[in-house]
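# An overview of the molecular structure
Each chain, letter by letter, is given below.
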Amino acid sequence: HWVALLQRGNCTFKEKILKASAYNASAVLVYNNSTEKTVKMGHDGTGDTVAVMITEAYGREILSHLERNLTVLVSVVVGQRGPTKNINRGSLVFVSISFIVLMIISSAWLIFYFIQKIRYTNARDRSQRRLGDAAKKAIGKLTTRTVKKGDKEIDPDFNHCAVCIEGYQPNDVVRILPCKHVFHKMCVDPWLNEHCTCPMCKLNILKALGIMVSPPQNTSQTHTF
Ligand SMILES: [Zn+2]
Ligand SMILES: [Zn+2]
């Protein structure tokens, strides 16, 4: 009985093993040629011949004994995975799975966040547009009048325009809101466009004119982000 010791390289593992068994070797040791590690040897079709890969250092150590004409006894047994290696592999798998799960959760959260954000922005734009259209419509329905000499607005006791705190002069164009409050048209229109309420009594002109706008949707839900 003898065991063949071969260096990796030049031909396939299969060829090495077949050649060794042709010379009646009971087992084949292949030592690595470049790295300290061992690799898995593909050796389909080599029958029952036991073939093991060992590290280059181990192979050269055996070789040095053989070169001094010493007999080296080799016993090949089925090994067990070392406990350290097992733990390392187990923790590696655990860390990888945790990482993947974390990545999936973060991606899902990000996608959800952006979808909600886009939906919220769209809804807000839509409701703002609706509100702007409604405000224009409402302003168009409000009464305007050009102040003439002898009108009650010219009376010094009459309320001044609450926006510019100026009294009314003949030929001033004024707007009369549904609450009967009077303002310069130039003064109150920009305010109405934005707020839709009387600057004096906060009367909502959309409600007063029966132009209802539904409130923006989903706001409370998206504020949690
Ligand atoms: Zn004014
Ligand atoms: Zn008012």
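Worth saying up front: this structure is predicted, and the values here are computed from it rather than measured.

## Let's talk about the coordination of the zinc ion (ligand 2)
Tetrahedral metal sites with four donors have an ideal angle of 109.5 degrees; octahedral sites with six donors have ideal angles of 90 or 180 degrees. Looking at the zinc ion (ligand 2), one finds its protein donor set to be Cys-179 (SG), His-181 (ND1), Cys-198 (SG) and Cys-201 (SG), positioned 1.9 to 2.3 Å from the metal centre. What the 4 donor atoms of the zinc ion (ligand 2) show is an angle range of 106 to 115° at the metal, which sorts the shape as tetrahedral. One chain supplies every donor for the zinc ion (ligand 2), spaced along it as C-x1-H-x16-C-x2-C. Placement of His-181 in the loop between strand E5 (173–176) and strand E6 (182–184) and of Cys-198 in the loop between helix H4 (185–195) and helix H5 (205–208) is noted, with a sequence separation of 17 residues between them. On the accessibility criterion, His-181 (22% relative accessible area) is partly exposed.

## Focus on the sheet that holds strand E2 (residues 27–31)
Hydrogen bonds between backbone atoms are what pair the strands of a sheet, whose relative direction is either parallel or antiparallel. On the basis of which strands lie adjacent, the open sheet formed by 3 strands has the order E1-E2-E3 and parallel pairing. One side of each edge strand has no neighbouring strand; the edge strands of this open sheet are strand E1 (3–7) and strand E3 (50–54). Taking the axes of each pair of neighbouring strands and ignoring which way they run, one obtains an average angle of 20° across the sheet. Its contacts with the sheet put helix H1 (residues 13–22) on E1, E2 and E3, and the angle it makes with E2 is roughly 140°.

## Some details on the coordination of the zinc ion (ligand 1)
Taken together, the protein donors to the zinc ion (ligand 1) comprise Cys-161 (SG), Cys-164 (SG), His-184 (ND1) and Cys-187 (SG), at separations of 2.1 to 2.3 Å. Between the 4 donor atoms coordinating the zinc ion (ligand 1), the angles at the centre fall across 97 to 119°, so the site counts as tetrahedral. Summarised as a motif, the one-chain spacing of the donors to the zinc ion (ligand 1) is C-x2-C-x19-H-x2-C. Here Cys-161 falls in the buried class, since its relative accessible area comes to 1%. Here Cys-164 falls in the partly exposed class, since its relative accessible area comes to 29%.

## What to know about H1
Restricting attention to buried positions, one finds in H1 the residues Phe-13, Lys-16, Ile-17 and Ala-20. Down the axis of H1, the sector holding all buried residues measures 90°, keeping them to one side. Residues Lys-19 and Ala-22 are exposed on H1 and point more than 90 degrees away from its buried face. Where H1 is buried, its residues contact E1, E2 and E3.

## Quick word on the sheet that holds E5
In spatial order, the strands read E4-E5-E6; together these 3 strands make up an open sheet with antiparallel pairing. Bordering the open sheet on either side are strand E4 (143–146) and E6, each of which pairs with just one other strand. Between one strand and the next, the sheet's axes are offset by a mean angle of 35°, whatever the strand orientation. Strand direction decides the pairing type here: E5 and E6, joined by 3 bridges, are antiparallel. Bridge pairing in E6 links Val-174 to His-184.

## A short note on the domain arrangement of the chain
Taken domain by domain, the chain holds domain 1 (3–67) and domain 2 (127–222). Here domain 1 and domain 2 have C-alpha centroids that lie 96 Å from each other.

## Structural notes on unusual backbone geometry
In terms of backbone geometry, most residues other than glycine have negative phi values and most peptide bonds are trans. Its identity is not glycine, yet Ile-165 carries a phi of approximately 55°, on the positive side. Relative to the helices and strands, Ile-165 is located in the loop between E4 and E5. With a phi close to 60°, Cys-196 is a non-glycine residue in the positive phi region. Within the secondary structure layout, Cys-196 lies in the loop between H4 and H5. The buried category is assigned to Cys-196, whose relative accessible area is 3%.

## Digging into the UniProt feature "domain: RING-type" (unreviewed entry) in the chain
In the numbering used here, UniProt assigns the "domain: RING-type" (unreviewed entry) feature to residues 161–202. Between the end C-alpha atoms of residues 161–202 there is a gap of 15 Å, over a span that is 26% helix and 17% strand.

## A closer look at the pattern of salt bridges
Scanning the entire structure with this criterion turns up 6 salt bridges. For Asp-189, the salt bridge identified is with Arg-175, shortest N-O distance 2.6 Å. With Asp-189 in helix H4 and Arg-175 in strand E5, this pair connects stretches of sequence that are 14 residues apart. The two residues Asp-189 and Arg-175 agree in class, both being buried. Residues participating in the shared-partner salt-bridge network are Arg-145, Asp-151, Lys-152 and Glu-153.

How each quantity is defined
- Residues numbered from 1 in each chain as written.
- Chains lettered and ligands numbered in written order.
- Predicted model: local features only at pLDDT ≥ 70, side-chain atom pairs only at ≥ 80, totals over all residues.
- Heavy atoms only, no water.
- Donors = N, O, S within 2.8 Å, 3.2 Å for Na, K, Ca; no water.
- Tetrahedral: all angles 85-135°; square planar, octahedral: opposite > 155°, others 65-115°.
- Helix = DSSP H or I, 4+ residues; strand = E, 2+ residues; numbered from the N terminus.
- Buried < 20%, exposed > 50% of the residue type's maximum accessible area, 1.4 Å probe, protein only.
- Pairing = 2+ DSSP bridges.
- Axes fitted to C-alpha atoms, helices over the stretch in contact; angles between N-to-C directions.
- Contact = heavy atoms within 4.5 Å.
- Arc of directions from axis to C-beta.
- Domains from an automatic or database assignment.
- UniProt positions renumbered as here; feature names shortened; annotations may be inferred.
- Salt bridge = Lys/Arg side-chain N within 4 Å of Asp/Glu carboxyl O.

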